[in-house]
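One letter stands for each residue in the lines below.
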Amino acid sequence: MSKLIRKITEEEIETYERDGIVCLRGLFNMDQVERLREAADQSMTRPSDMAIELAEQLEAKGRFFHETFVWLGNDICKDFVFSSAAAEITAALMGSDKINIFFDQWLIKEPGTATPTPWHHDMPYWPIKGWQISTLWLALDPVSEANGAVEYIKGSHKWGQTYKPATFDGSHDYGDALPEVPDIEAERDKYDIVSFELEPGDCTVHQGLLVHAAGGNSSASTRRRAYVTRWAGDDVIYDLREGIQEMPPLPDIANGGPIDSDLWPRVLG
Ligand SMILES: O=C(O)CCC(=O)C(=O)O
């Protein structure tokens, strides 16, 4: 039975395909938001091995909390991954029958955290290949430019270029095989940059090659808690190679084949 409270429209699908980013409002309710806020508190007080304190590592003020693969150890997140509308939303946008959860993630910037998220795109960090890869960025607080709304360059998923991953905290060496992301800040006018003011329960979905970044949280008291889920569709295959993001132990599956595994289970299809 569908978990969607309404259909994803043709216009939303077209926007996602054309721009690589679409904003969807009100598809998650406050009950879900409250539960995820509770899960965020649990993670922030008892972080897993996959947590990183990014501001602390940079010796910067505030707190930029980052944790991946939360659902593996948190029942609220596991329930969201398997029982919310998120998989159906991304299936509709990507035109995919099958959906695997790739991973989930906290990206939480507390008030007074100047640390930006650098311009980057997601695919080069990950040991997977394909077009049907998307991220659902769910706001658990009101989000505006002041507290770190994500900015996206419309259409950059179709530039036909893959860039070297930008290290968020300088702890990982991704090698020199790929070119650096252009200095977008120096020439912002050249790009079609979009961002969204969000209410709790609103989300954006972006394609895995879309170039994006975020400022710090300069607000005095508005937290910026985001619960981010990464989803893989029909055409995604395992692509184990040098220099990928740190992950839990990787599954024993054939390189070049489907990613179905305990780490990346099917949620739909
Ligand atoms: O939330 C942020 O600061 C960055 C978001 C991001 O990089 C992503 O969702 O892939």
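Scroll up to find the structure this text is about.
The notes below deal with the structure included here.

### Let's talk about the site of the ligand
Thinking step 1. Around the ligand sit 13 residues in total, of which Thr117, Trp137, His212, Arg224 and Arg230 are the nearest.
Thinking step 2. Threonine 117 is positioned with one of its side-chain polar atoms (N or O) 2.6 Å from an oxygen atom of the ligand.
Thinking step 3. Broken down by secondary-structure element, the contributors of at least two residues to the shell around the ligand are strand S4 (99-109), strand S5 (117-120), strand S7 (133-139), strand S11 (212-214) and strand S12 (224-232).
Thinking step 4. Broken down by class, the residue content of the shell around the ligand amounts to 4 nonpolar, 5 polar and 4 charged.

### A word on the pattern of salt bridges
Thinking step 1. Taken as a whole and assessed by the stated rule, the structure comprises 16 salt bridges.
Thinking step 2. Between aspartate 122 and arginine 230 there is a salt bridge whose closest N-O contact spans 3.4 Å. Of this pair, aspartate 122 sits in the loop between S5 and strand S6 (128-129) while arginine 230 sits in strand S12, and the two are 108 residues apart along the sequence. Pair check on accessibility: aspartate 122 and arginine 230 agree, each one buried.
Thinking step 3. The residue arginine 188 makes a salt bridge to glutamate 185 at a minimum N-O spacing of 3.1 Å.
Thinking step 4. Given a relative accessible area of 28%, arginine 188 falls into the partly exposed group.
Thinking step 5. What you see here is one network of salt bridges that share partners, running through Lys98, Asp260 and Arg266.

### Comments concerning the side chain of serine 261
Thinking step 1. Relative to the elements of secondary structure, serine 261 occurs in the loop between strand S13 (237-238) and strand S14 (266-268).
Thinking step 2. When its relative accessible area of 16% is taken as the criterion, serine 261 is described as buried.
Thinking step 3. Within the structure, the side chain of serine 261 is placed 2.9 Å from the backbone oxygen of isoleucine 259, a separation counted as a polar contact.

### Here's the deal with the sheet that holds strand S9 (residues 193-195)
Thinking step 1. Pairing within the open sheet is antiparallel, and its 4 strands lie in the order S5-S11-S8-S9. Across the chains shown, the open sheet's two edge strands, defined by having one partner strand only, are S5 and S9. Each strand axis lies, on average, 25° off the axis of its neighbour in the sheet, ignoring direction.
Thinking step 2. Taken together, the 3 bridges between strand S8 (residues 150-153) and S11 define a ladder with antiparallel strand orientation. Following the sheet pairing, glutamate 151 is matched in S11 by alanine 213.

About the criteria used
- Residues numbered from 1 in each chain as written.
- Predicted model: local features only at pLDDT ≥ 70, side-chain atom pairs only at ≥ 80, totals over all residues.
- Heavy atoms only, no water.
- Near = heavy atom within 4 Å.
- Polar contact = N/O pair within 3.5 Å; in protein donor to acceptor, adjacent residues only side chain to side chain.
- Helix = DSSP H or I, 4+ residues; strand = E, 2+ residues; numbered from the N terminus.
- Nonpolar A, V, L, I, M, F, W, Y, C, P; charged D, E, K, R; others polar.
- Salt bridge = Lys/Arg side-chain N within 4 Å of Asp/Glu carboxyl O.
- Buried < 20%, exposed > 50% of the residue type's maximum accessible area, 1.4 Å probe, protein only.
- Pairing = 2+ DSSP bridges.
- Axes fitted to C-alpha atoms, helices over the stretch in contact; angles between N-to-C directions.

Just geometry here; none of it tells us what the structure is for.
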